[in-house]
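Residues per chain are reported as follows:
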Amino acid sequence: MAEAQDGHYDSTSQSTDSLRVEPIYESFLCPLTKQVMRDPVTIDSGVTFEREAILKWFNDCLHGGKRLVCPMTKKELSTTDLNPSIALRNTIDEWMNRNEAAKLDVARKSLTSDCTESDILQALQYVDEICQRSLSSRQAVRRDGLISMIADLLKNSSTKVRQKALETLRSVAKDDNDNKVEIAAGDNIRTMVKFLNHGQTQEKEKAVSLLYELSENKALSERIGSVPGAILILVGLSSSKVENLLIVDRAEKTLENLESCEKNVRQMAENGRLQPLLRLLLEGEPDMQLSMAAYLGELVLSNDIKVLVAQTAGATLVNIMKKGNREAREAALKALNQISSYDASAKILIEAGILPPLITDLFTVGSNQLPMRLKEVSANILANVVASGARFESIPLDHNRQTLVSEDIVHNLLHLISNTGPAIECKLLQVLVGLTDSSTSVQSIVDAIKSSGAIVSLIQFVEAPQREVRMNSIKLLNNISPYMGQELADAFRGNFSQLSSLVRVIADNNGISEEQAAAAGLVADLPMRDSVLTRRLLQDGAFSTIISKVVRIRQGEIRGGRFVNPFLEGLVRIVSRITYVLDDDPDIIAVAREFNLTALFTELLQMNGLDTVQIVSATALEKLSHQSKHLTNILPAPNPGVCFSIFPCLSQKAVATGVCRVHCGICSARESFCLLEGKAVEKLVACLDNNNERVVEAALAALSTLLDDGVDIDQGVMVLCDADGINPILEVLCENRNEALRQRAVWAVERILRMDEIAYEISGNQNVGTALVEAFRHGDYRTRQVAERALKHVDKLPNFSGIFSKMGAQ
């Protein structure tokens with residue numbers, strides 16, 4: 001027989017029977033429970049029972065309506081008084097102590113000798129049971145030196161032994177700090193943590209329960225936290241979706257105990273458990289708040305955690321930033337710097353009022369100003385906040401309702417950029433980049449830059465040795481270039497080296513970067529007809545480099561990420577500059593021939609999905625094609641043919657072999673930029689089906705050069721017919737998508753309808769007739785005139801010219 005876990009003797013249990021040394025006496029057993037009594041009492045019948053057991057008997061009789069009798073003698077009782085049997089209790093205690101000591105000695109021998117697994121498990125079971133009886137029993141286990149022996153079993157090869165050792169140590173540790181300290185000796189805690197990470201479920205459960213027990217001791221909490229990986233593993237278990245609920249609960253409660261140590265709180269924060277740190281930041285003593293804020297600034301936080309921190313402590317940190325001393329403000333700034341680097345958390349900080357104190361910190365000079373290293377942090381926070389994309393034109397900074405995009409504020413930012421070091425320059429340039437990224441605030445920034453005259457100083461940064469400064473300045477200039485193209489051109493003409501610096505950035509061969517895309521966009525936005533800048537780009541070898549890059553991107557030799565498309569668009573726009581100054585400088589014609597621009601832009605027409613590239617290419621082909629009639633080598637025109645076929649298959653006029661049908665001379669794509677010889681017509685016709693109206697307009701403008709004055713219009717019409725281009729042009733007219741397209745389509749259709757056969761064929765097309773009538777009624781003066789002529793071609797309007805001539809003759 002043996003003692004059970006609740007401290008009573010169980011006559012049916014055999015778990016530690018072999019460890020019992022001194023025999024038991026019948027008088028020690030309660031007649032009701034058959035267990036050793038701990039609090040024996042005698043009732044009126046003279047029989048002794050365990051107090052708890054006889055009270056339950058009395059209660060059952062009372063509530064069951066039974067007579068109150070002695071459960072053993074059945075004698076009716078006159079009273080329920082209980083008389084403690086002190087002598088018997090003392091005798092039992094002495095017996096138990098003697099038996100306990102003897103059994104502990106036997107257990108020690110089972111744990112030290114070369115015993116079997118079952119002997120060790122039986123010894124551990126007894127120690128576990130005895131430790132659950134009383135604090136004195138647990139103290140006896142320590143005095144007998146059993147704790148270290150049991151701890152050594154944590155490294156036993158038997159899983160059962162390890163699990164039972166963990167379970168027993170927890171019983172040993174309960175409510176006894178001395179025992180806990182001894183259990184935690186050596187590398188025992190490390191071994192327990194190892195079970196958390198690599199053990200089986202039962203080992204994890206028992207190990208985390210033991211650690212929870214040890215963590216009740218504040219001194220041991222720090223030791224547990226100092227074990228490498230302990231807190232990370234506990235954090236993982238506490239948030240696990242796969243571990244059993246007991247493990248999750250014990251891990252959570254262990255972490256709660258570990259929060260008593262500041263070092264542990266920091267480790268938890270490092271591993272994503274920020275609540276303890278935030279609690280100390282919000283509720284701790286001033287020194288603790290300062291410490292937590294400073295540490296928060298050192299952490300690398302996930303985006304979700306940044307949002308949590310901003311929601312929980314953002315307002316507190318902003319308040320410290322406003323009112324704290326220098327040391328507190330520094331800590332708050334560093335924490336806010338971390339939190340503000342994510343758009344969602346930055347917007348929360350804006351709502352918490354971060355902008356006014358930031359601007360104050362940056363603009364304050366004199367004795368109250370922050371040191372430059374902290375102004376740099378403020379500038380970085382401001383850059384982070386601006387990058388969030390909030391509507392800063394509606395967020396007031398002061399009682400005067402000034403905003404971040406107000407002229408005075410922008411002037412101050414520009415002044416700081418020109419009078420601080422590279423670190424702050426870079427961040428404030430980044431602020432302006434963010435503000436000019438927004439379509440709602442860019443105009444305000446442009447106006448402020450214009451009124452301050454700061455464009456020359458901003459351009460200087462494109463030559464900055466610091467890459468980040470240079471990149472942000474280029475991005476800013478790129479953002480404002482659509483609004484300040486002429487001002488930028490004037491500034492670059494004042495210092496060509498800055499334009500050359502941009503070319504070098506574009507020419508870099510280390511992939512395709514954001515800086516390169518911005519530089520290409522900036523140069524592309526400079527006035528296209530500025531021949532001075534175009535010649536400078538030629539002198540710098542820019543066009544050769546850029547065309548090479550365009551070709552390599554087109555052929556897939558240069559691959560890039562998200563910046564490849566804007567980079568390519570910028571490059572194509574830069575190359576197209578050449579076509580804008582063909583009339584101004586004959587030498588430019590030679591350049592266009594050298595680079596075979598007709599072939600290049602014809603190829604680029606096929607960049608489906610890149611509308612800007614197609615628009616620029618079609619426009620460039622239009623300008624090149626306008627030169628063809630001047631550049632072709634004119635030969636005497638052959639006799640025209642006399643037979644025509646009915647639309648859409650028209651016969652061609654007889655032409656000399658090798659002579660361009662449209663330009664009536666010797667043409668080529670390279671030398672005279674001829675669209676027909678360059679095989680561009682079909683590709684331009686394909687662009688007429690684009691959903692982007694600007695692509696359609698550019699393609700139609702280029703095709704219209706085949707119908708222009710100075711070329712053989714009839715042959716131009718037949719070229720369009722051969723390319724299946726007539727119907728797409730008519731469809732453009734009928735769709736009537738915008739006024740610019742209508743004007744171009746009406747002009748082209750009128751030229752096409754000058755051929756009687758086509759006019760006859762189209763006269764029955766009601767859609768075309770209706771579109772021409774609409775243009776005649778609602779177009780501008782010039783469009784109405786052209787539409788009138790077109791309507792006459794299809795007999796929708798009478799031709800009065802013959803009548804008027806006869807009337808004049810009379």
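Looking at an unreviewed UniProt entry, one finds the protein chain named RING-type E3 ubiquitin transferase and attributed to Urochloa decumbens. UniProt, in the comment section headed Catalytic activity (unreviewed entry), describes the protein chain in these words: "S-ubiquitinyl-[E2 ubiquitin-conjugating enzyme]-L-cysteine + [acceptor protein]-L-lysine = [E2 ubiquitin-conjugating enzyme]-L-cysteine + N(6)-ubiquitinyl-[acceptor protein]-L-lysine." What UniProt records for the protein chain under Pathway (unreviewed entry) is the sentence "Protein modification; protein ubiquitination."

Enquirer: Got a sec to walk through the UniProt feature "repeat: HEAT" (unreviewed entry) in the protein chain? Specific residues and values, please.
Expert: Under the present numbering, the feature "repeat: HEAT" (unreviewed entry) in UniProt falls on residues 146-182. Helix makes up 76% of residues 146-182 and strand makes up 0%, while its end C-alpha atoms are separated by 10 Å.

Enquirer: Hey, could you go over helix α1 (residues 51-64) for me, with residue numbers and the actual values?
Expert: Look at α1: 20 Å from first C-alpha to last across 14 residues, which is about the 20 Å you get at 1.5 Å a residue. Contacts made by the buried residues of α1 are with β3 (40-42) and β4 (48-50). Backbone geometry just after α1 places G65 at a positive phi near 75°.

Enquirer: Please provide a residue-by-residue account of the sheet that holds β4, values included.
Expert: Sheet strands associate in pairs through backbone hydrogen bonding, adopting either a parallel or an antiparallel arrangement. Strand order in the open sheet made by the three strands is β4-β3-β5, with antiparallel pairing throughout. What marks the edges here is a single partner per strand, and that holds for β4 and β5 (83-84). When β3 meets β5, the two strands line up antiparallel, connected through two bridges. Residue pairing across strands places T42 opposite N83, the latter belonging to β5. Along the sheet face, α1 touches β3, β4 and β5 and points at about 95° away from the line of β4.

Enquirer: Can you tell me about the packing of helix α21 (residues 407-418) against helix α22 (residues 422-437), naming the residues and giving the values?
Expert: Look at α21 against α22: their axes get within 9 Å of each other, and the N-to-C directions meet at 150°. Taken together, α21 and α22 sit at an angle that is classed as roughly antiparallel. Every pair of crossing elements has a handedness; the one defined by α21 and α22 is left-handed. From α21, V410, L413, L414, L416 and I417 reach across to α22, where they touch E425, L428, L429, V431 and L432. The residue makeup of the contact of α21 with α22, split by class, is nine nonpolar, no polar and one charged.

Enquirer: Could you give an account of the UniProt feature "domain: U-box" (unreviewed entry) in the protein chain, with specific residues and numbers?
Expert: The sites that UniProt annotates as "domain: U-box" (unreviewed entry) are residues 23-102. What you have in residues 23-102 is 39% helix and 10% strand, and the ends, taken at the C-alpha atoms, are 12 Å apart.

Enquirer: I'd like a rundown of unusual backbone geometry, residues and numbers included.
Expert: The backbone of C664 sits at a positive phi, close to 55°, despite the residue not being glycine. By the secondary structure assignment, C664 is in the loop between β6 (633-634) and β7 (665-666). For F673, which is not a glycine, the phi torsion comes out positive at approximately 60°. Residue position: F673 is located in the loop between α35 (669-672) and α36 (681-687).

Enquirer: Which residues make up the pattern of salt bridges, and what values go with them?
Expert: Evaluated as defined, the whole model comprises 45 salt bridges. In this structure, D540 and R536 form a salt bridge, with 3.6 Å as the shortest nitrogen-oxygen distance. For R536, a relative accessible area of 18% translates into the label buried. Put simply, D128, K164, E167 and K206 are held in one network by salt bridges that share partners.

Enquirer: An account of the environment of V681 is needed here, citing residue identities and associated values.
Expert: With respect to the helices and strands, V681 occurs in helix α36. When its relative accessible area of 2% is taken as the criterion, V681 is described as buried. With 451 residues separating them along the chain, V681 and A230 place their C-alpha atoms 72 Å apart. Every residue in contact with V681, bar those within four places of it in the chain, is listed here: L675, L676, L703, L706, V719, L720 and A723.

Enquirer: Before we move on, can you summarise the environment of E222 with the specific residues and values?
Expert: Mapped onto the secondary structure, E222 falls in helix α10 (residues 218-226). A residue is classified by how much of its surface remains accessible, and E222, at 38% relative accessible area, is partly exposed. Separated by 38 residues in the primary sequence, E222 and S260 have C-alpha atoms spaced 8.4 Å apart. In contact with E222, other than residues within four places in its own chain, are C261, K263 and N264.

Each value, and the rule that gives it
- Residues numbered from 1 in each chain as written.
- Predicted model: local features only at pLDDT ≥ 70, side-chain atom pairs only at ≥ 80, totals over all residues.
- Heavy atoms only, no water.
- UniProt positions renumbered as here; feature names shortened; annotations may be inferred.
- Helix = DSSP H or I, 4+ residues; strand = E, 2+ residues; numbered from the N terminus.
- Expected span 1.5 Å × (residues − 1).
- Contact = heavy atoms within 4.5 Å.
- Pairing = 2+ DSSP bridges.
- Axes fitted to C-alpha atoms, helices over the stretch in contact; angles between N-to-C directions.
- Parallel < 35°, antiparallel > 145°, perpendicular 65-115°, else oblique.
- Left-handed = near helix turned anticlockwise from the far one by under 90°.
- Nonpolar A, V, L, I, M, F, W, Y, C, P; charged D, E, K, R; others polar.
- Salt bridge = Lys/Arg side-chain N within 4 Å of Asp/Glu carboxyl O.
- Buried < 20%, exposed > 50% of the residue type's maximum accessible area, 1.4 Å probe, protein only.

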